[in-house]
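# Observations on the model geometry
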Amino acid sequence: MIDLHCDTIYSLYANEIQGNIIQNDGNVDLRWMEKAGNVTTCFALFVELGSVVSPFQTALRLYHRFETELHDAKDRIKHVRTASEIQETTHSKAILSIEELQILEGDLDRIALLADWGVRLATLTWNYENDLGFPHHLIGGLKPFGFEAIREMEAHNILVDVSHLNDQGFYDVAKVAKKPFIASHSNCRAITNQSRNLSDRMIKTLADHGGVVGLNFCPSFLSEDWNANHIEDMVRHVVHLKRVGGRDVLAIGTDFDGVSGDLDIKHYDGIERLRRALEQNGFTTKDLEAMWYDNALRVLS
């Protein structure tokens, strides 16, 4: 399985969960990755602009925490940088991602540095306006620096991630992207009318560009019940995603350790329950292999 988004590194760094990558009291650690078997997780370096002085320095500290966690568990998890490394490595795997590209602080050369770190995907925004554009709840398209950043990201094989971006910015990305782009952790607006979710037109556009949508486990993105998520709501979103965008748009982006509430699926070993529920709703083995692994591997290739 490939999970396109979790916030575990930030949550450990900010002491929102206690422990380390080997064992903690959150959603993601090596116990659950190993129990589920052959899991690749995208660990996001998340920076909240409203609470930091220097976004880049905060990202640097988060990167050092990521490196430390993986070093301390080096016999059990590997930082992978390419699709071939994902396929070749038999134990747990970590991909590095960025959530909030304001960490560039106006310096395009930092994209090359992120590539050196092994970053493979990055959201252009989080929930604040930044130098690149506007988040989902604000109006406005990409700014000039946003267009420049996309060109540089694609040159360094970093996937453009439109989760958290607003609609106008999304379509600006679609106009200029020469490679697939993704929504690592978003759901369907037609099912749950939330600005963080994607409209049917956006889903089709992503599919046309060869991208994927990672199913987000956040309760408020799945249903009107903001206190809990339910597998039946996850199924509704996946069914809709497939109907609108086809099998090749399906992926998983749990948002583990970034979501709260009474979760039907708390750890990776529980995702098998979602798989069984989708089978009961007519999903074939090929559909599920595409969603669990093949589609994400394709865009990372």
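See the structure printed just above.
Definitions and cut-offs
Residues numbered from 1 in each chain as written. Predicted model: local features only at pLDDT ≥ 70, side-chain atom pairs only at ≥ 80, totals over all residues. Heavy atoms only, no water. Helix = DSSP H or I, 4+ residues; strand = E, 2+ residues; numbered from the N terminus. Rg over C-alpha atoms; globule rule 2.2 N^0.38 Å. Buried < 20%, exposed > 50% of the residue type's maximum accessible area, 1.4 Å probe, protein only. Contact = heavy atoms within 4.5 Å. Areas by Shrake-Rupley, 256 points an atom, 1.4 Å probe, with all protein chains shown as cover. Lys, Arg positive; Asp, Glu negative; His and termini not counted. Charge placed at Lys NZ, Arg CZ, Asp CG, Glu CD. Phe/Tyr/Trp six-rings, centres within 6.5 Å; stacked < 30°, edge-to-face > 60°. Lys NZ or Arg CZ within 6 Å of the ring centre and 35° of its normal. Core = buried A, V, L, I, M, F, W, Y, C linked by side-chain atoms within 4.5 Å.

### Overview of the overall build of the chain
Scanning the chain from N- to C-terminus turns up 12 helices and eight strands. Since a compact globule built from 301 residues should have a radius of gyration of about 19 Å, the 17 Å found for the chain is in line with a globular shape. The principal-axis extents of the C-alpha atoms in the chain amount to approximately 50 × 45 × 35 Å. In the chain, which comprises 301 residues, the proportion classed as buried is 60%. Within the chain, contacts between residues separated by at least 24 positions form 68% of all contacts whose residues are at least 6 apart in sequence. Carbon together with sulfur atoms contributes 46% to the accessible area of the chain, which is approximately 11,700 Å² in total. One way to put it: in the chain the 30 positive side-chain charges average out to a point 5 Å from where the 44 negative ones average out.

### Here's the deal with the packing of aromatic side chains
In this description, a pair of aromatic rings is defined by centroid distance and the angle of the planes. As enumerated under the stated definition, the model contains 10 aromatic pairs in all. Consider the rings of Tyr63 and Trp117, whose centres lie 4.2 Å apart with planes at 5°: the pair is stacked. Here the residue Tyr63 occupies a position in helix α3 (residues 55–72), and Trp117 occupies one in helix α5 (residues 109–117), the gap between them amounting to 54 residues. The pair Tyr63 / Trp117 is uniform in exposure class, with both members buried. Measuring from ring centre to ring centre gives 5.1 Å for Phe170 and Tyr171, while their planes differ by 80°; the resulting arrangement is edge-to-face. There is no split in this pair, since Phe170 and Tyr171 are both buried. Through pairs of rings, three or more aromatic residues link up here, namely Tyr10, Phe46, Trp126 and Tyr128. A cation sits over an aromatic face here: Lys143 above Phe134, 5.0 Å from the ring centre. Sitting above the plane of the Phe283 ring, Lys242 keeps its charged end 5.0 Å from the centroid.

### Overview of the nonpolar core
Inside soluble globular proteins, nonpolar side chains tend to come together where they are buried. Of all hydrophobic cores here, the largest spans 80 residues; its most connected members are Phe43, Leu124, Val173 and Leu274. Residues within four places of Leu124 in sequence aside, it is in contact with Glu100, Leu101, Asn130, Leu132, Leu142, Ile150, Met153, Val160, Asp161, Leu165 and Val173. One finds Val80, Ile95, Leu159 and Leu300 within the second-largest nonpolar core, a separate group that totals 16 residues.

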